[in-house]
Amino acid sequence: MRSFYKTFTFYFVIIGIVVVLLNILGIDDMNILMIGLNPVLNILDDSKVICDFMNSGSYLWHTASIITNILYGLILDFIRVKIKK
């Protein structure tokens, strides 16, 4: 059985948490890492209605960033499993 730390999902979760921490600490105050490099959040940021909703909550962007990173990891793990079969 594969170790969990050898999966894309594990590393994408770590990257997502680090990016959110950098944003909270003010190092990424312009959201370049959190939103600019995340295609899904970049699309959501362009939509006026969704952007207003996301700005209404205090940590909705952070939660969405971690969730999308988990999804990216799961998709890459799925692709890797399908290629190996």
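No experiment lies behind these values; they were computed from the predicted model shown.

Caption draft 1: Seen up close, the overall build of the protein chain. The helix and strand inventory of the protein chain stands at 5 helices and 0 strands. Along its sequence from the N terminus, the protein chain presents helices and strands in the succession α-α-α-α-α. Expressed as lengths along the three principal axes of its C-alpha atoms, the size of the protein chain is roughly 45 × 25 × 20 Å. Across the 85 residues that make up the protein chain, the buried fraction comes to 25%. The contacts of the protein chain with a sequence gap of at least 6 include a subset with a gap of at least 24, amounting to 58%. Looking at the protein chain as shown, the accessible area adds up to about 6100 Å², and 73% of this sits on carbon and sulfur atoms. Taking the 7 positively charged and 6 negatively charged side chains of the protein chain as two groups, their mean positions are separated by 24 Å.

Caption draft 2: How the structure looks around the packing of helix 3 (residues 39-46) against helix 5 (residues 60-84). Where helix 3 meets helix 5, the closest approach of the two axes is 9 Å, and the angle between their N-to-C directions is 140 degrees. With respect to helix 5, the axis of helix 3 lies oblique. Only Trp 61, Ala 64, Ser 65, Thr 68 and Tyr 72 of helix 5 make contact with helix 3, whose side of the interface consists of Pro 39, Val 40, Leu 41, Leu 44 and Asp 45. Looking at the contact of helix 3 with helix 5, its residues break down into 7 nonpolar, 2 polar and 1 charged.

Caption draft 3: Molecular detail of the side chain of Thr 68. Residue position: Thr 68 is located in helix 5. We classify Thr 68 as buried; its relative accessible area is 8%. Among the polar contacts listed, one links the side chain of Thr 68 to the side chain of Asn 38, at a separation of 2.7 Å. Leave out the neighbours within four places in its chain, and Thr 68 touches Asn 38, Val 40 and Leu 41.

Conventions and cut-offs
- One numbering rule holds for all chains: residues counted from 1, following each sequence as written.
- Residues qualify for local features only when their pLDDT is at least 70, as the model is predicted, and side-chain atom pairs are given and counted only at 80 or more; totals for whole chains, interfaces and linings, by contrast, use all residues.
- Side-chain numbers come from the whole structure's heavy atoms, not from hydrogens or water.
- Only DSSP runs of H or I covering at least 4 residues are called helices, and only runs of E covering at least 2 are called strands; the numbering of each starts at the N terminus.
- Under the scheme applied here, a residue whose accessible area is under 20% of the maximum for its type counts as buried, over 50% as exposed, and between as partly exposed, the area being computed with a 1.4 Å probe on protein chains only.
- Note on definitions: a residue-residue contact is assigned when non-hydrogen atoms from the two residues lie within 4.5 Å.
- Under the convention used here, a 1.4 Å probe and the Shrake-Rupley method define accessible areas, while residue burial counts only the protein chains that appear.
- Here the positive residues are Lys and Arg and the negative ones are Asp and Glu; neither His nor the chain ends is included.
- Just so you know, the charge point we use is NZ for Lys, CZ for Arg, CG for Asp and CD for Glu.
- Every angle, taken between N-to-C directions, lies between 0 and 180 degrees, and every axis is a line fitted to C-alpha atoms, over only the stretch in contact when it is a helix.
- Any angle between 65 and 115 degrees counts as roughly perpendicular, while under 35 counts as roughly parallel, over 145 as roughly antiparallel, and the rest as oblique.
- Each residue gets one of three labels, nonpolar for Ala, Val, Leu, Ile, Met, Phe, Trp, Tyr, Cys and Pro, charged for Asp, Glu, Lys and Arg, and polar for the others, Gly among them.
- We call two N or O atoms a polar contact when they sit within 3.5 Å, provided that within protein one can donate a hydrogen and the other can accept it, with sequence-adjacent residues counted only if both atoms are side-chain atoms.

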